[in-house]
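Fold and geometry: a report
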Amino acid sequence: ADRGFLQAPFRSGVSIEDFQLDPLVRAIDMARVNLLIADDVGLGKTIEVGMILSELIKRGQGKRILVLAKKSMLAQFQSELWNRFAIPLTRLDSVGLAKLQLKIPASKNPFEVYHRIIMSVDTLKDIGRYSHFLEDTRWDAVVIDEAHNVSGGTNPEKHLSYRLARRLSRRTNSMILTTATPHNGKRETFGRLISLLDPSAIPDPKLKEYDASDIKPFFMMRFKEDVRVEAGDNFSERVVIPLSETTI
């Protein structure tokens, strides 16, 4: 993609580093955005996600957005997308969903009331409770933060978070996964994450038969050392100050 055609970086309320544009360029080059962003902690994955969503919205491909994050991160994620990119997300929890369902007809899908929603994985992973609504809902984009939590563990069919992610992956045009720890050392669980983005990339993760070329189109990972030159003074060195017994 020609960066001159990108709109999001120049209409956001944030200073963008060159390396943070790379996921956006990769995403816009895709026919459908299916990307695992595994940048190191502190490189700005939320900013990278915000730019991609903003670009999709400006191109008419981001009307319906669902963001899933840990409960402790909901407020921060919601705030950053609004303050930096003017993307409003309605936060729903189990209580909010229950109240909403009381206000609307029983046949009305609560996920159709708001077009851009942020929720915790724990709230939505109750497949039995929300499955028929989720099955009837299509999204333009689904974002799952801390995506290593939906990789399925040792028994994916009993792993509610993984089953939720798999269900959503089939009901969305674009899917963005973020995590600073994408690989737990088991090729099978990492393979499941890639398969959420494109089932044909690794047809059967249990076979563990895939290599770098299979995952390259869907996977982006940079460490601080990789982008230190581009980031300049924005990375401060960690200073360790030993405490003596008299200061404890």
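Residues numbered from 1 in each chain as written. Predicted model: local features only at pLDDT ≥ 70, side-chain atom pairs only at ≥ 80, totals over all residues. Heavy atoms only, no water.

1. Digging into the confidence of the model for the protein
Overall, the predicted model of the protein reaches an average pLDDT of 84, with 83% of residues at or above 70. Summarising per-element confidence for the protein, the mean pLDDT is lowest in helix α10 (residues 224–231) (72) and highest in strand β5 (residues 139–144) (98). (pLDDT = per-residue confidence, 0-100. Helix = DSSP H or I, 4+ residues; strand = E, 2+ residues; numbered from the N terminus.)

2. Focus: the pattern of salt bridges
The final tally for this structure, using the stated rule, is 10 salt bridges. With its nearest N and O atoms 3.0 Å apart, the salt bridge here joins E55 to R59. The exposure class of E55 is buried, given its relative accessible area of 0%. With relative accessibility at 34%, the residue R59 sits in the partly exposed group. (Salt bridge = Lys/Arg side-chain N within 4 Å of Asp/Glu carboxyl O. Buried < 20%, exposed > 50% of the residue type's maximum accessible area, 1.4 Å probe, protein only.)

3. Overview of the pairing of strand β2 (residues 65–69)
Burial within β2 is extensive, with 5 of its 5 residues counted as buried. Both β2 and strand β4 (residues 116–120) contribute to a ladder of 5 bridges, which runs parallel. Looking across to β4, one finds that L68 is bridged to M119. Both β2 and β5 contribute to a ladder of 4 bridges, which runs parallel. The partner of V67 across the bridge, within β5, is V143. (Pairing = 2+ DSSP bridges.)

4. With respect to the sheet that holds strand β1 (residues 34–37)
Read across the open sheet, the 7 strands follow the order β3-β4-β2-β5-β6-β1-β7; overall the sheet is parallel. The open sheet has two free edges, formed respectively by β3 (90–91) and β7 (219–220), since each of these has just one partner strand. Strands β2, β3, β4 and β5 of the sheet are contacted by helix α3 (residues 74–85), whose axis makes an angle of about 160° with β4. (Contact = heavy atoms within 4.5 Å. Axes fitted to C-alpha atoms, helices over the stretch in contact; angles between N-to-C directions.)

5. Digging into the side chain of Q20
As for its position among the elements, Q20 is in helix α1 (residues 18–29). Given the relative accessible area of 5%, Q20 is considered buried. Within the structure, the side chain of Q20 is placed 3.0 Å from the backbone oxygen of L43, a separation counted as a polar contact. (Polar contact = N/O pair within 3.5 Å; in protein donor to acceptor, adjacent residues only side chain to side chain.)

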